[in-house]
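Architecture at a glance
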Amino acid sequence: MNSPVLQLLVLAGIAVFLILRLRSVLGTRDGHEPTREVQAPQKPRTHKLEVIEGGPDHDIIDHVPEDSETAVALAQMKRAEPSFGVTDFLGGARGAYEMILMAFERGEIDDMRPFLSEDVYNSFAEVIAIREEKGLTIETDFIGIRDMTLSSAAFDDASRTAEITVKFVGELVSVVRGADGEIVEGEPGKSKRQKDVWTFERAMGADDPNWRLVATGE
């Protein structure tokens, strides 16, 4: 077997390993596909959302079913911190998704450490270290977020800790190159869908306004 073929097989093996590792921390990437609206699962109507100023709180029910457990948790967050807004949170989550995702792709996550839990930071750092060890580089252009859905929320009264899980469908162009510059995964100019489920956490009423990414999945 000649040397160029052997090098190609080695790089292909590395690419397969890297793709599997990326899926464990950043979700899945698919080819072109129509955007599908993902709706929060319907829950039995066992809760009654607090009526605010004579009517339902549209900042909550515009995003989740009115009598769902998620709606109740969001209302608890608002009681714990009246300045909290679901729509404002989702706007911040949209920006955080692009910022953190691109920092990971570029291998520059140190600046993101205040926004990541220790476990998430370590998972990202491990994948980046593997890429560097194998001499792999990633060229990425973020196209945009095609869909974003508030999936679930939980609030702990005792610790005042809030957790909100968001489903993202982003679109980006990503090319993985080997140490010799040859492409081992992806295609220049061809976008792919990136699917992620991220959970953010924060202590409501705390001086620090930042939410931290505490879990990732697909």
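Everything below is about the structure printed above this text.
How each quantity is defined
Residues numbered from 1 in each chain as written. Predicted model: local features only at pLDDT ≥ 70, side-chain atom pairs only at ≥ 80, totals over all residues. Heavy atoms only, no water. Salt bridge = Lys/Arg side-chain N within 4 Å of Asp/Glu carboxyl O. Helix = DSSP H or I, 4+ residues; strand = E, 2+ residues; numbered from the N terminus. Buried < 20%, exposed > 50% of the residue type's maximum accessible area, 1.4 Å probe, protein only. Contact = heavy atoms within 4.5 Å.

Right, let's get into the pattern of salt bridges. Tallied over the entire structure, the rule returns eight salt bridges. Among the ionic pairs, K78 bridges to D57, the shortest N-O distance being 2.8 Å. Of this pair, K78 sits in helix α3 (residues 69-80) while D57 is found in the loop between β1 (28-30) and α2 (58-61), placing the two residues 21 residues apart along the sequence. The burial state of K78 is the same as that of D57; both residues are buried. One salt bridge in this structure joins R193 and E171, with 3.4 Å as the shortest N-O distance. Of this pair, R193 sits in strand β5 (residues 191-203) while E171 sits in strand β3 (residues 161-177), and the two are 22 residues apart along the sequence. For the pair shown, R193 and E171 are each scored as buried. A single network of salt bridges, built from pairs that share partners, joins D57, D59 and K78.

Following the sequence through the fold, S117 ends up in the loop between α4 (86-106) and α5 (118-134). Residue S117 is classed as buried on the basis of its relative accessible area, which comes to 8%. Spatially, the C-alpha atoms of S117 and L213 are 6.0 Å apart, while their sequence positions differ by 96 residues. Those residues in contact with S117 that lie beyond four places of it in its chain are R212, L213 and V214.

Keep in mind these values describe shape, not function.
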